[in-house]
Protein chains: 2
Amino acid sequence: MTDLPDTMEAQVIEGFGDPDVFETAELERPTAEPNHVVVRVEATSVNPVDHKIRSGELPDVAPDFPAVLHGDVAGTVVSVGEGVEEFAVGDEVYGCPGGVAGTGGALAEYVLADAASLAHKPDSLSMREAAALPLVTITAWDGLVTRADVQPGDSVLVYGGTGGVGHVAVQLADHRGGVVHATGSTAEKRDLARDLGANHAIDYRTKSVEEYVDEYTDGEGFDVVYDTVGTGGDNLETAFEAAGLKGHVLSTVAHGEVDVDPVHVKALSFDVVFMLVPLLHDDRAGRAYHGDLLERVATLVDAGELEPLLDDEEFTFDAEGVAAAHRRLASGEHVGKVTISRE
Amino acid sequence: MTDLPDTMEAQVIEGFGDPDVFETAELERPTAEPNHVVVRVEATSVNPVDHKIRSGELPDVAPDFPAVLHGDVAGTVVSVGEGVEEFAVGDEVYGCPGGVAGTGGALAEYVLADAASLAHKPDSLSMREAAALPLVTITAWDGLVTRADVQPGDSVLVYGGTGGVGHVAVQLADHRGGVVHATGSTAEKRDLARDLGANHAIDYRTKSVEEYVDEYTDGEGFDVVYDTVGTGGDNLETAFEAAGLKGHVLSTVAHGEVDVDPVHVKALSFDVVFMLVPLLHDDRAGRAYHGDLLERVATLVDAGELEPLLDDEEFTFDAEGVAAAHRRLASGEHVGKVTISRE
């Protein structure tokens, strides 16, 4: 690959702001460091954390300006650093290697990625589809499989069953043999959640926590509750309320002061799954956990056991396309993942 | 056993109050219900929860008046209910079958106990020694083994390494291969913690969390932190501070509003271990988990791998003895478990 250009186009931000803050810039192309590969980016997807970084809510997590955002990537390896054994030039890969302080981001033609954090792309998926999976799948898996260790027959409640983390959580909980309950705000979303494997879909706007705990668990509460919606406050309290004795509450967000009385009275386990931790802290073992997990996910996907749910609207790699994708996520009107691709 | 009396002596409370509230009463002796046994109580021990029930801090947990308190018991089976296979009349047993709403308590000559919650007493221990173990050992085990799953090489920090739960937690963490750190307020307590298996004993009054995290973990934080002291507020915040990335924080107490930012930023697991839950909620599977665990504990104890730590002062079964035992616990001057025995 001697014909790689010295520079590349990227959609960067020079300061925090609304979605229009993205601008096209010419940056130096990254070169492969030891244990890293350079990936030509074919597709990425928007996660809530990307929106929060762009808007300035998470200054400690943001890369330096001009900042290249976005963790999720699918693309092709174009250059391999010293010590990399798992990947060769030309390999199609996917992962969530960065987009945060100290790492490269995917809103560019090329991204430098720790090889440990990547996996071979599922053959059965397009680049756009593959880029929808990494962050949300790692988050769902770390919560339901590694932390809560869902067992056959466990009652599992997923808040936001068609959201990014939620649509994977429903599928994984189903594969683990859980009896899966998913909330959804519209009939369309509830139908989708059932298609993904939810045994029961709940309209949380018309049913109280007490009502659905009575209806689906005989008042005992759920074994596992995963709040994938990520507002962090009220949702967490309803999650604690919905959990049964010695239940496990998982969340993607928690902040501020929270009433932990139910954690005591019910002897709960409570986990926040924040998958960016190994990226922010240069933790190779944590990154390798991500890469290994995504290899398993690729196997599941190619076997037809797990599928990404993509929003109907599709976006392209230019400042306007990226801005429109971020606006789409912020609108809350999307269903599944909002994706950006070169094609 | 046709010679069992119809009544028994008990140290009951007729209302909440200070330790002097105990009075001697003649109560009807319990008879064996299905799946239950009647145990002649030889010894019991005082746990902080008994103090809280007596003082009125936990009205929902308290038995009805006249209330027979205390969960921990060691004694001899005198009567066996229908369906009980594991125990026969004359068996020496130990466990924590009650002392809370809906169950019998151990501050009496006889206690009715769900057979599932009991185990055969370790042969190598006296009744007094055996009665020191159940509640605290179940609490330490559920936290470190079942929930945090301590692995060899994990760095473990135990707040209160010579307390009730703490002295067992130090020993169990050591047996799991953890590198064990224990806090202690006096040189005597720190020496004791080292004798029990702590690799390092920390004087938390002269060293800040940041200092001991730096000294013992190179600033990375502990893999597992168990707050066994149970004040619930400040201790929990220092526990969150002492934990490393994706670490596991365990506590015996949590209440009120707690800042959960560190749970998010470090992607922590947080568990409250409240072993009374299966007793309060008539959960036979949970009780059987306790009984099975105590059978394993008896094996460990008889092999010399685990030992109870008893406070120097010993108390007897009468209203004055029980009051004095409760005062001893409240004084904070005890080291290890405060026990009450007929001998």
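From a predicted model like this one, the values you see are computed outputs, not experimental measurements.

Engineer: Describe the overall build of chain A, and please don't skip the residues or the numbers.
Structural biologist: The number of helices and strands found in chain A is 11 helices and 17 strands. Seen through its C-alpha atoms, chain A measures out along the principal axes to roughly 65 × 40 × 35 Å. By residue count, 60% of the 343 residues in chain A fall in the buried class. Summarising the internal contacts of chain A: among those between residues at least 6 apart in sequence, 70% fall at separations of at least 24. Looking at chain A as shown, the accessible area adds up to about 13000 Å², and 44% of this sits on carbon and sulfur atoms. Each charge class in chain A can be summarised by its mean position, and for the 22 positive and 63 negative side chains these summaries are 2 Å apart.

Engineer: So what's going on with the interface of chain A and chain B? Residues and values would help.
Structural biologist: Residue-level contacts link 28 residues of chain A with 28 residues of chain B. Interface area for chain A against chain B, summed over the two sides, is near 2500 Å², with a carbon-plus-sulfur share of 55%. Contact with chain B buries area across many residues of chain A, yet K246, V260 and H264 of chain A alone supply 23% of it, more than any other trio. Of the charged contacts in the structure, one is a salt bridge between K246 of chain B and D142 of chain A, with a shortest N-O distance of 3.7 Å. Here chain A and chain B share 16 residue pairs in polar contact (both at pLDDT 80 or more) between them. Contributions of two or more residues to the side of chain A that touches chain B are made by α3 (134–147), β13 (243–251), β14 (257–259), α8 (261–265) and β15 (269–272) of chain A. Classifying every residue of the side of chain A that touches chain B gives 14 nonpolar, 6 polar and 8 charged.

Engineer: Describe in detail the relation of the copies chain A and chain B, supporting the description with residues and values.
Structural biologist: Comparison of the two chain copies shows a relationship of rotation about an axis with a shift along it. Mapping chain A onto chain B calls for a screw motion: a turn of 180 degrees about the axis and a shift of 0.0 Å along it, with 0.0 Å RMSD after fitting. Within this description, the copies of the chain are treated as partners about a two-fold rotation axis. Mapped onto chain B, 100% of the interface residues of chain A again fall at the interface, so both copies present the same surface.

Engineer: Please set out the sheet that holds strand β4 (residues 67–68) of chain A residue by residue, giving values where relevant.
Structural biologist: Residue and element names in this part refer to chain A. An order of β2-β1-β4 is seen for the 3 strands of this open sheet, with the pairing classed as antiparallel. Single-partner strands in this sheet number two, and they are β2 (23–28) and β4. Bridging between strand β1 (residues 7–13) and β4 involves 2 bridges; their strand directions are antiparallel. Residue pairing for β4: V12 is matched across the bridge by V68.

Engineer: An account of the sheet that holds strand β12 (residues 222–227) of chain B is requested, with residue identities and associated values reported.
Structural biologist: An order of β11(A)-β10(A)-β9(A)-β12(A)-β13(A)-β15(A)-β15(B)-β13(B)-β12(B)-β9(B)-β10(B)-β11(B) is seen for the 12 strands of this open sheet, with the pairing classed as mixed. Both edges of this open sheet fall to β11 (200–202) of chain A together with β11 (200–202) of chain B, since each of them pairs with a single strand only. Each adjacent strand pair in this sheet contributes to an overall mean axis angle of 15 degrees, direction not counted. Pairing geometry for β12 of chain B and strand β13 (residues 243–251) of chain B, over 5 bridges, is parallel.

Engineer: Mind laying out the nonpolar core, listing which residues take part and the relevant values?
Structural biologist: Formed by 95 residues in total, the largest nonpolar core has its most connected members in V37, F87, Y94, L107, L144, L276 and I340 of chain B. The element that contributes the greatest number of residues to this core is helix α3 (residues 134–147) of chain B, accounting for 7 residues. Within the second largest apolar cluster, 94 residues are counted, among which are V12, L107, V180 and M275 of chain A.

Engineer: Give me the lowdown on unusual backbone geometry, citing residues and values where you can.
Structural biologist: Here the bond from F65 of chain A into P66 of chain A is cis, since omega is -10 degrees, no more than 30 degrees from zero. Backbone geometry at D282 of chain B places phi at a positive 50 degrees, although glycine is not the residue there. In this structure, D282 of chain B sits in the loop between α9 (277–280) and α10 (284–302). Residue classification places D282 of chain B among the exposed residues on the basis of a relative accessible area of 59%.

Engineer: Kindly report on the environment of K52 of chain A, identifying the contributing residues and their values.
Structural biologist: Residues and elements named next belong to chain A. Relative to the helices and strands, K52 resides in helix α1 (residues 48–55). Taking the C-alpha atoms as reference, K52 lies 9.2 Å from A62; in sequence the two are 10 residues apart. If sequence neighbours within four positions are ignored, K52 has contacts with E57, L58, G230 and V253.

Engineer: Tell me about the pairing of strand β16 (residues 310–316) of chain B, and please be specific about residues and values.
Structural biologist: Residue and element names in this part refer to chain B. Relative to strand β17 (residues 337–341), β16 runs parallel, the two sharing 4 bridges. If you follow E314 over to β17, its bridge partner there is T339. With helix α11 (residues 319–331) bridging β16 and its parallel neighbour β17, the resulting β-α-β unit is right-handed.

Engineer: With reference to specific residues and values, describe the packing of aromatic side chains.
Structural biologist: Considering all chains together, one arrives at 6 aromatic pairs over all chains under this definition. Taking 5.1 Å as the distance between ring centres and 65 degrees as the angle between the ring planes, the aromatic pair formed by F16 of chain A and F65 of chain A counts as edge-to-face. One end of the pair, F16 of chain A, is in the loop between β1 and β2; the other, F65 of chain A, is in the loop between α1 and β4, and 49 residues separate them in sequence. A residue is classified by how much of its surface remains accessible, and F65 of chain A, at 38% relative accessible area, is partly exposed. Note on Y212 of chain B and F222 of chain B: the rings are 6.4 Å apart at their centroids and 55 degrees apart in plane angle, and the pair reads as tilted. On the criterion of sequence distance, the pair formed by Y212 of chain B in helix α6 (residues 209–217) and F222 of chain B in strand β12 is long-range, its members being 10 residues apart. Each member of the pair, Y212 of chain B as well as F222 of chain B, carries the same accessibility label: buried.

Engineer: Let's hear about the pattern of salt bridges: which residues, and what values?
Structural biologist: Evaluation of the coordinates by the stated rule reveals 38 salt bridges over all chains. Two residues, R194 of chain A and D191 of chain A, come together in a salt bridge whose shortest N-O distance is 2.9 Å. You can see R194 of chain A and its partner D191 of chain A sitting in helix α5 (residues 187–196), 3 residues apart, about one turn around the helix. Note that K121 of chain B is salt-bridged to E92 of chain B, the shortest N-O span being 3.7 Å. Here E92 of chain B lies in strand β6 (residues 92–95) and K121 of chain B lies in the loop between β8 (118–120) and α2 (127–131), a separation of 29 residues in the sequence. A relative accessible area of 8% places K121 of chain B in the buried class. By relative accessible area, E92 of chain B is classed as partly exposed at 41%. Taken together, the shared-partner salt bridges connect D114, D282, R284 and R287 of chain A into one network.

Rules used in this analysis
Note on numbering: residues in each chain are counted from 1, in written sequence order. To read the labels, note that chains go from A and ligands from 1, taken in the order they are written. The model is predicted, so local features are restricted to residues of pLDDT at least 70 and side-chain atom pairs to those at 80 or more, both for listing and for counting; the totals for chains, interfaces and linings are taken over all residues. Heavy atoms from the whole structure form the basis of all side-chain values; hydrogens and water molecules are not counted. Each helix corresponds to a stretch of at least 4 residues labelled H or I by DSSP, and each strand to a stretch of at least 2 residues labelled E; elements are numbered beginning at the N terminus. The buried label goes to any residue with under 20% of its type's maximum accessible area, the exposed label to any with over 50%, and the partly exposed label to all in between, with areas taken from a 1.4 Å probe on protein chains only. Pairs of residues are marked as contacts when any of their non-hydrogen atoms sit within 4.5 Å. Here, Shrake-Rupley sampling with a 1.4 Å probe gives the accessible areas, and only protein chains in the shown set may cover a residue. For the charge count, each Lys or Arg is scored as positive and each Asp or Glu as negative, with His and the chain ends excluded. Charged side chains are reduced to one point each, which is NZ for Lys, CZ for Arg, CG for Asp and CD for Glu. Here the quantity called buried area is the total loss of accessible area, with a 1.4 Å probe, experienced by two parts when brought into contact, counted for both. Salt bridge, as applied in this entry: a Lys or Arg side-chain nitrogen positioned within 4 Å of an Asp or Glu carboxyl oxygen. Pairing of N or O atoms within 3.5 Å defines a polar contact, subject to two protein rules: one partner must be a possible hydrogen donor and the other a possible acceptor, and residues neighboring in sequence count only if both atoms are side-chain atoms. Amino acids outside the nonpolar list (Ala, Val, Leu, Ile, Met, Phe, Trp, Tyr, Cys, Pro) and the charged list (Asp, Glu, Lys, Arg) are all regarded as polar, and Gly is one of them. Alignment of the copies relies on least squares applied to C-alpha atoms, considering only residues that score at least 70 for pLDDT in both. DSSP calls a pair of strands paired once it identifies at least 2 bridges connecting them. All axes here are fitted lines through C-alpha atoms, helices being fitted over the stretch that makes contact, and every angle between N-to-C directions spans 0 to 180 degrees. Among buried residues, the Ala, Val, Leu, Ile, Met, Phe, Trp, Tyr and Cys ones that are joined through side-chain atoms within 4.5 Å form a nonpolar core. Handedness of a crossover is defined as follows: orient the strands so they point away from the viewer, and if the path from the first strand over the helix to the second runs clockwise, the crossover is right-handed. Ring pairs are drawn from Phe, Tyr and Trp, using the six-membered ring of Trp, whenever the two centres fall within 6.5 Å, and their geometry is named by plane angle: stacked under 30 degrees, edge-to-face over 60, tilted for the rest.

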